[in-house]
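Coordinate inspection notes
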Amino acid sequence: MATWANLGLQDSTSPLMEQLNFFHDHTLLILTMITILVGYIMGMLMFNNFTNRFLLHGQTIEIIWTVLPAIILMFIAFPSLRLLYLMDEINTPSLTLKSVGHQWYWSYEYSDFLNLEFDSYMIPTNELEMSGFRLLDVDNRIILPVNNQIRVLVTATDVLHSWTIPSLGVKVDATPGRLNQLNFLMNRPGLFFGQCSEICGANHSFMPIVIESIPMNYFIKWIISMTN
């Protein structure tokens, strides 16, 4: 999760988020180079009284300052399009989780198992343990296996919500009467926090999402304990 004075993105938990981090750094480097170049040229124009008469009219320089930005935009556009297609790609899932948004809590159903569903509410501050995170911890966490393709079906019962886990690089709208889906893979165990990212009402800020990623053998034990 994000920490105090953290200016960058959260540490990635999925291969897709790693690619998003790389693309962010790649684009930021290009923007930094453009800013330095334009700033240098503006400074030279303000503090230099000399005028190059060959630059006042010239097809060559006009071609350069037209073609060069187009090439730079291509270096941004191609990785961006690749990532967009990767984010929409749905691989063969090992497990399906259905997430339903309510005012103002989430409910989850493990579609591959019988009678495995629960509601997930934020833990109030006065009931929070010392090890908990204020406004982020929930009473029932989502338990998912590590290194497995997970499909999440997202919908809502009342108003628009948004199911978001920043460290996974996933964000999908929960729309009443519509079923959206997303796909991700967690490459390390841990606790991953998110929140509803849609302004869905008075308690919009109190719809946290917590995923606990655990090894497959522990996940099977958890499934057995929940279904018995």
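An unreviewed UniProt entry annotates the chain as Cytochrome c oxidase subunit 2 of Anopheles laneanus. Its UniProt record gives the chain a comment under Sequence similarities (unreviewed entry), which states: "Belongs to the cytochrome c oxidase subunit 2 family." The UniProt entry for the chain carries the following comment under Catalytic activity (unreviewed entry): "4 Fe(II)-[cytochrome c] + O2 + 8 H(+)(in) = 4 Fe(III)-[cytochrome c] + 2 H2O + 4 H(+)(out)".

1. Section: the domain arrangement of the chain
Splitting the chain by domain gives domain 1 (15-88) and domain 2 (95-227). Here the C-alpha centre of domain 2 lies 40 Å away from the C-alpha centre of domain 1. Opposite the six residues of domain 1 that make contact, domain 2 presents six residues. On the domain 1 side of the contact with domain 2, Pro15, Leu16 and Met17 bury the most area, a combined 77% of that side's loss. In this assembly, domain 1 and domain 2 are joined by one residue pair in polar contact (both at pLDDT 80 or more). For the side of domain 1 that touches domain 2, the leading source of residues is helix H1 (residues 15-47), giving five residues. Here the residues of the side of domain 1 that touches domain 2 sort into five nonpolar, no polar and one charged.

2. Looking at the packing of aromatic side chains
With the rule as written, the count across this model stands at seven aromatic pairs. For the ring pair Tyr108 and Phe118, a centre distance of 5.9 Å and an interplane angle of 50° mean the geometry is tilted. Highlighted residues: Tyr108 in strand S2 (residues 105-110) and Phe118 in strand S3 (residues 117-120), separated in sequence by 10 residues. Here the two residues Tyr108 and Phe118 agree in accessibility, since each one is buried. When the centroid spacing of 5.2 Å and the interplanar angle of 75° are considered together, the rings of Phe133 and Phe193 count as edge-to-face. One end of the pair, Phe133, is in the loop between S3 and strand S4 (142-145); the other, Phe193, is in strand S9 (residues 190-195), and 60 residues separate them in sequence. Joined through ring pairs, the aromatic side chains of Tyr108, Tyr110, Phe118, Phe219 and Trp222 make up one cluster.

What counts, and at which threshold
- Residues numbered from 1 in each chain as written.
- Predicted model: local features only at pLDDT ≥ 70, side-chain atom pairs only at ≥ 80, totals over all residues.
- Heavy atoms only, no water.
- UniProt positions renumbered as here; feature names shortened; annotations may be inferred.
- Domains from an automatic or database assignment.
- Contact = heavy atoms within 4.5 Å.
- Buried area = accessible area lost by both parts, 1.4 Å probe.
- Polar contact = N/O pair within 3.5 Å; in protein donor to acceptor, adjacent residues only side chain to side chain.
- Helix = DSSP H or I, 4+ residues; strand = E, 2+ residues; numbered from the N terminus.
- Nonpolar A, V, L, I, M, F, W, Y, C, P; charged D, E, K, R; others polar.
- Phe/Tyr/Trp six-rings, centres within 6.5 Å; stacked < 30°, edge-to-face > 60°.
- Buried < 20%, exposed > 50% of the residue type's maximum accessible area, 1.4 Å probe, protein only.

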